[in-house]
Amino acid sequence: MGALAAATWDVAVVGGGVYGAAVAWDAAQRGLRVALVEREDFGAGTSWNSLKTIHGGMRYLQTLDLGRLRQSARERSTLLAIAPQIVRPLPFLVPTYGHGLTGREALALGLRLNDWLTRDRNRGLPAERRIGDARTVSAAEALRLVPGLAPRGLTGAALWHDAQAASTERLTIGFLHAAADAGAAAANHAEAVALLRVGGRVAGVAVRDTLGGGTSEVLARVVVNAAGPWADEFLQRGGPRRAPAPLLRARNVLLRREPVVPYAVGARSEGRFLFLVPWEGRTIVGTSYEPAEGPLGDPLALLDAAARAFPWAGIERRDVGLVHEGLVPGRRDAAGLSTRPRLHDHEAEDGLPGLVSLQGVKYTTARAVAERAVDLVFRRLGRAAPACRTAVTPLPGARLLSGPLEDRVRCAVREEMALTLADAVLRRLDLGTAGSPAAGELDAVARVMADELGWDSGRERAEREALAGFYAR
């Protein structure tokens, strides 16, 4: 915190999810002096709630939003190229019944159109990272690929490839490593509590240390509000008054069981589309949506719907390892999910110089939206914008930590700012992303962190209780 308060920055980024991390990386790589603050831990909010899929945008065919489809496919290819240790191709399969708009013939046409629109998707990618052509298969082949499908009315299946992140947490950390290597300074557990204003313009943010206490001022020529679902809330702290955008509560359920098949399988259930996704020897079910402002629904209702959608998978509540939950822009349900990111130039829109806000709608396109935001920052600084290079710059930090557990914990603390037990277990070490870690592993992590950070027995006990409360929620 002291280093952030001791200088005046070109850009202060509020929010350390994947969008804030991408902005910090791009801005620093283009030569700006960048500070980033995150009130919890990096990637602890909506970025943490994920099916772990990197979407190429095929769903945008339904609305003929071809620009969004092309952008998503480009960003999928970019992540396959710059984060090869984390992002890899993943096959998807959707059974087809009947011969209507969702039948085999219609889907075959959509698959061919998608392949044609993204025909440059493999440019520069090695063979093992390429997205192959999509196809449809016969009913007999569909039953061979997914034994147990209901055979009545089955006409075949659509089969295509998207991509998957082995760890979205480590991918976000990879963005932050790249930002730091380019000169950015970052602080987690540092809450931006107010915008600072001088002479009619935004001049930085007041920041509270949520672990150690105390408030500092981080001065900056431009503030980028990348606080995700809390972006509108943050604007109330000295920014323009805006009606908050509606939000949906999104849920995915992680099952402690091996995948039945090595494909992500889709099916309709009660008017919505669900996927059963294999991930690191486990299975993820998603995604359900409900209004964020309404009463909290049963987190495991999604699992019951999935059991009906995938009866062949044998899904049971006792398989649940963890419920992932996050807030995303949208209204009512999945049909009202926002599909376009928001980028606000508050100088042009509200007469308030020094402030830019962005809110994304999908993990996959964070880098591209960040590029647009940084272009805008350069315009507001009155400086020519150097070309963005994040699409072609590898992310060596986007990898799983390796070696003995104690060494990985020390790396998480010393090099990746893990300050709490949850920081390490959930977002650095991949020990707790599928459920509560083994007692022995947790003991080892707590012991090393206590030694590295000087925790006394009371602090260590509080950290263990906080983590246990997370899993019990």
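Note that this is a predicted model, so its numbers are computed, not measured. (Residues numbered from 1 in each chain as written. Predicted model: local features only at pLDDT ≥ 70, side-chain atom pairs only at ≥ 80, totals over all residues. Heavy atoms only, no water.)

> Residues and numbers for the packing of helix α13 (residues 439–453) against helix α14 (residues 457–472), please.
To characterise two packed helices, one gives the angle between the axes of the helices and the distance between these axes. Direction vectors running N to C along α13 and α14 enclose 140 degrees, while the axes themselves pass 11 Å from each other. Our classification of the angle between α13 and α14 gives oblique. Judged by the twist between their axes, the crossing of α13 over α14 is right-handed. Contacts between α13 and α14 pair Leu442, Asp443, Ala446 and Ala450 from the former with Glu460, Arg464 and Leu467 from the latter. Class assignment for the residues of the contact of α13 with α14 results in 4 nonpolar, no polar and 3 charged. (Axes fitted to C-alpha atoms, helices over the stretch in contact; angles between N-to-C directions. Helix = DSSP H or I, 4+ residues; strand = E, 2+ residues; numbered from the N terminus. Parallel < 35°, antiparallel > 145°, perpendicular 65-115°, else oblique. Left-handed = near helix turned anticlockwise from the far one by under 90°. Contact = heavy atoms within 4.5 Å. Nonpolar A, V, L, I, M, F, W, Y, C, P; charged D, E, K, R; others polar.)

> Hey, could you go over the pairing of strand β9 (residues 201–209) for me, with residue numbers and the actual values?
Sheet topology note: the strand β8 (residues 190–198)/β9 ladder contains 8 bridges and is antiparallel. Counted as the bridge partner of Glu191 is Arg208 from β9. Two successive antiparallel strands, β8 and β9, enclose a turn made up of 2 residues, where Gly199 displays a positive phi of approximately 60 degrees. In terms of strand pairing, β9 meets strand β10 (residues 215–225) through 5 bridges, oriented antiparallel. When the sheet's bridge partners are listed, Val207 is paired in β10 with Ser216. Where β9 folds back on β10, the antiparallel hairpin that results is connected by 5 residues, among which Gly213 adopts a positive phi of roughly 85 degrees. (Pairing = 2+ DSSP bridges.)

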